Amino acid sequence: AQTVTQSQPEMSVQEAETVTLSCTYDTSENNYYLFWYKQPPSRQMILVIRQEAYKQQNATENRFSVNFQKAAKSFSLKISDSQLGDTAMYFCAFVSGTYKYIFGTGTRLKVLA
Amino acid sequence: DAMVIQNPRYQVTQFGKPVTLSCSQTLNHNVMYWYQQKSSQAPKLLFHYYDKDFNNEADTPDNFQSRRPNTSFCFLDIRSPGLGDAAMYLCATSRGRLADQETQYFGPGTRLLVL
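Residues numbered from 1 in each chain as written. Chains lettered and ligands numbered in written order. Predicted model: local features only at pLDDT ≥ 70, side-chain atom pairs only at ≥ 80, totals over all residues. Heavy atoms only, no water.

As for a nonpolar patch on the surface
Residues and elements named next belong to chain B. Taken together, the side chains of Val 12, Leu 113 and Leu 115 present a nonpolar region at the surface, about 290 Å² in accessible area. Relative to the helices and strands, Val 12 is located in strand 2 (residues 10-13). Residue classification places Val 12 among the partly exposed positions, given a relative accessible area of 49%. (Patch = residues over 30% accessible without salt bridge, like charges linked within 9 Å, V, L, I, M, F, W, Y side chains within 5 Å. Areas by Shrake-Rupley, 256 points an atom, 1.4 Å probe, with all protein chains shown as cover. Salt bridge = Lys/Arg side-chain N within 4 Å of Asp/Glu carboxyl O. Helix = DSSP H or I, 4+ residues; strand = E, 2+ residues; numbered from the N terminus. Buried < 20%, exposed > 50% of the residue type's maximum accessible area, 1.4 Å probe, protein only.)

What follows is the structure, given as structure tokens:
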């Protein structure tokens, strides 16, 4: 069975500093996609970043970047220059060959002023 | 801007009283999904439509139904809400179900309260 594990239920970071959220997954598939979604309190879940497994280059989106280690089945999210607006629940998700996302349990990130 | 819209944002209903939540999209995506999300948990997929083809998840209670009258709209019907159905309901869309079409875009959600 495919699983996604986020081992950090809660994290905090000082404004302007860097934080890394971890995600590991388990699959026997070779082709798949990985995502990080951000869900601010009482607000919409939005896509932060997407990684195709066949691409060796790590995806980046402005202050957000991933460290994708396919052999280790690891997909961590790095947030640089953290801002108060980054406070949110972050979900890691996996999908392979079907429509069905496998979500992790989420990491609640709080950015401190 | 192309988007996924959910109405209402908050819905209060009484125990056992049917309720309908709506979702619309301007992305022209083929697939629409309904998720249930309880506090601080990951979203749980209830069902999805691929065009007009309805796909129910095996563990979705019969109390939950869905309709998709056209590409843009999808409805979630809860026939007899129980207290355990109080949750956030998320609608999402994707272009398709094949590789490179699977990215899902979420609406803002409808928070359902059952009294």
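Following the structure, the description resumes.
Some remarks on the interface of chain B and chain A
Taken together, the 22 residues of chain B in the interface contact 22 residues of chain A. The contact between chain B and chain A buries some 1,800 Å² in all, and 52% of this surface belongs to carbon and sulfur atoms. Across the contact surface, chain B and chain A share one salt bridge. The partner of Lys 100 of chain A in a salt bridge is Glu 57 of chain B, and the shortest N-O contact between them spans 2.6 Å. Summed over the shared surface of chain B and chain A, the number is eight residue pairs in polar contact (both at pLDDT 80 or more). When residues of the side of chain B that touches chain A are traced back to their parent elements, those giving at least two are strand 4 (31-37) and strand 5 (44-50) of chain B. (Contact = heavy atoms within 4.5 Å. Buried area = accessible area lost by both parts, 1.4 Å probe. Polar contact = N/O pair within 3.5 Å; in protein donor to acceptor, adjacent residues only side chain to side chain.)

Here's the deal with the side chain of Asp 86 of chain A
Residues and elements named next belong to chain A. Topologically, Asp 86 is positioned in the loop between strand 9 (74-79) and strand 10 (88-95). Accessibility expressed as a relative area gives 2% for Asp 86, which makes it buried. Residues within four places of Asp 86 in sequence aside, it is in contact with Lys 38, Arg 63, Phe 64, Ile 79, Leu 109 and Val 111.

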